[in-house]
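# Residue-level structural notes
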Amino acid sequence: MRLLAMDDEPMMLRFVERLAVQTGAESRTTTDPPVFLRIAHEWAPDFVLIDLQMPNLDGLQLLRELACRRCSATIVLMSAFEPMVLETMRRIGTSFGLSMGDVLQKPMTVASFARALAHKMPTSGLSRIDALSQAIDRGELVLHWQPIVDLTSKQITGMEALCRWQHPDLGLVYPDSFVPLAETGGLGQRLSAWVLDQAFAQAAIWSCYGVRPTISINVSPETFEATEFADVLEAQRIEHGLTADQICLELTEASTARNPTRLRETMTHLRQANYRVALDHFGTGSSTLQLIESLPCTELKIDKSFVLHLMDSEDATAIVRAILALASALNVQVIAEGIESDEVACTLQASGCRLGQGYWFARPMPAASATVLLRRSAA
Ligand code: MG
């Protein structure tokens, strides 16, 4: 395993080199951005660790240059920045098509470093896009489900479908590592058709048990903009006997839309057909206020970076309050992502947020466990 790190503190780089030895990785380090970009290109590291808080460094520009050079390494951001800032940078990297790994908050520990390196993107033998294509054929992809819960009654109102790659050697690989790859490599439509089919088939099974949660599907702007998406969606919905109002399409990374007019047309068409439409990760990325005005959404999902810091950051509290007020004025539903404690759940509920999602209630889980939970919740 090859690891390239850039930081302006030589001490930090020595620390990374020592950790690399402990985890059996080969490492190269530098304090100089042009040298860094050259090594990233020529040496083809598996992991790139970057401190975005360096003098005279534009972090966004650096991520853009890595994307232009088609860097396929897993990129780990390390910094003493606010977690919210790091999370936003990570999202932006994903929207550039980079494979973004964990975020390492400084000061780093051996444990957090090892965890970050555990999120390895499969590379062995085949090109990564061929490996992914083969994984779809071989049935190595699975959907996990995370409940969306009514914060007052604690009943499950919805289930979000989350794609995982059950890799034979690496275990569960998360979508951040392969969905952007699928989209830049021409597999986006195949992957989204697979997700729709699997998710709707599961919803049809749940209907047989008498439970009908809203089924939330993550949809990228590229997928929304594809001409066949609305037809594939409608055909799958009818085939599995679902109603459109039972389906919520969560628009991810809306700010990266290449064709905003086309995106708006498709979303308006689907909204008229009675599908629910959510703006995912609301509050991060750029121009989200403009999007809510121009796109016909029925719900906003408050990004977890705000919810996670609700109890310890005045900024996060102010942003969450502002989103709730905005949603109320526009008459759209709000779902808070990333609820990890009862205290946060109660605070949100008292502030007028009706729905929530997060480890506080349940982690994403396989369909069988989700079925048990749904039936218990409905009983
Ligand atoms: Mg989502």
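No experiment lies behind these values; they were computed from the predicted model shown. (Residues numbered from 1 in each chain as written. Predicted model: local features only at pLDDT ≥ 70, side-chain atom pairs only at ≥ 80, totals over all residues. Heavy atoms only, no water.)

Read across the open sheet, the five strands follow the order 2-1-3-4-5; overall the sheet is parallel. A strand with exactly one partner marks an edge of an open sheet, and here the two such strands are strand 2 (26-30) and strand 5 (99-105). On average, each strand axis in the sheet is tilted by 20° relative to the strand beside it, whichever way the strands run. Here strand 1 (residues 2-6) runs beside strand 2; their pairing, made up of five bridges, is parallel. Each residue of the ladder has a partner; that of M6, found in strand 2, is T30. In this fold helix 4 (residues 83-95) packs onto strand 4 (74-79) and strand 5, with an angle of close to 170° to the strand it touches most, strand 5. (Pairing = 2+ DSSP bridges. Helix = DSSP H or I, 4+ residues; strand = E, 2+ residues; numbered from the N terminus. Axes fitted to C-alpha atoms, helices over the stretch in contact; angles between N-to-C directions. Contact = heavy atoms within 4.5 Å.)

Turning next to the nonpolar core. I217, L249 and L348 are the most contacted members of the largest nonpolar core, which has 78 residues in total. Ignoring any residue separated from it by four or fewer positions in sequence, one finds L249 in contact with I217, V219, F224, F229, L233, L270, Y275, R276, V277 and A278. Core analysis: the next-biggest nonpolar cluster, separate from the first, contains 23 residues, V48, A73, L77 and L86 among them. (Core = buried A, V, L, I, M, F, W, Y, C linked by side-chain atoms within 4.5 Å. Buried < 20%, exposed > 50% of the residue type's maximum accessible area, 1.4 Å probe, protein only.)

Attention now goes to the coordination of the magnesium ion. By definition of the ideal shapes, four donors in a tetrahedron about a metal sit 109.5 degrees apart, and six donors in an octahedron sit 90 or 180 degrees apart. Note on the magnesium ion: its protein donors are E160 (OE), N218 (OD1), E250 (OE) and D280 (OD). The metal-donor distances range over 2.1 to 2.2 Å. We note that the donor set of the magnesium ion lies within a single chain, spaced as E-x57-N-x31-E-x29-D. Of this pair, N218 sits in strand 9 (residues 214-219) while E250 sits in strand 10 (residues 247-251); the two residues are 32 residues apart in sequence, bridging distant segments of the chain. Residue classification places N218 among the partly exposed positions, given a relative accessible area of 30%. (Donors = N, O, S within 2.8 Å, 3.2 Å for Na, K, Ca; no water.)

It is worth spelling out unusual backbone geometry at this point. Of note, R70 is a non-glycine position whose phi angle comes to about 50°, a positive value. Structurally, R70 can be placed in the loop between helix 3 (59-68) and strand 4. Its relative accessible area of 70% is what places R70 among the exposed residues. Located in the positive-phi region is N274, a residue other than glycine, with phi close to 85°.

The next subject is a negative patch on the surface. Taken together, the side chains of E82, D312, E314 and D315 make up a negatively charged region of the molecular surface. Tracing the chain through its elements places D312 in the loop between helix 13 (304-307) and helix 14 (314-330). (Patch = residues over 30% accessible without salt bridge, like charges linked within 9 Å, V, L, I, M, F, W, Y side chains within 5 Å. Areas by Shrake-Rupley, 256 points an atom, 1.4 Å probe, with all protein chains shown as cover. Salt bridge = Lys/Arg side-chain N within 4 Å of Asp/Glu carboxyl O. Lys, Arg positive; Asp, Glu negative; His and termini not counted. Charge placed at Lys NZ, Arg CZ, Asp CG, Glu CD.)

A few words now on the side chain of S305. Checked against the element boundaries, S305 lands in helix 13. Here the side chain of S305 touches D303 through a polar contact of 2.5 Å, side chain to side chain. Apart from the residues within four sequence positions on either side, S305 is in contact with M84, E87 and T284. (Polar contact = N/O pair within 3.5 Å; in protein donor to acceptor, adjacent residues only side chain to side chain.)

A word on the packing of aromatic side chains. On inspection of all chains with the given rule, the structure shows four aromatic pairs. When the centroid spacing of 4.8 Å and the interplanar angle of 70° are considered together, the rings of W145 and W206 count as edge-to-face. Of the two residues, W145 sits in strand 6 (residues 141-150) while W206 sits in helix 8 (residues 188-208), which places them 61 residues apart along the sequence. By relative accessible area, which is 1% here, W145 ends up buried. Taken together, a centroid distance of 5.9 Å and an interplanar angle of 55° make the contact between W360 and F361 tilted. (Phe/Tyr/Trp six-rings, centres within 6.5 Å; stacked < 30°, edge-to-face > 60°.)

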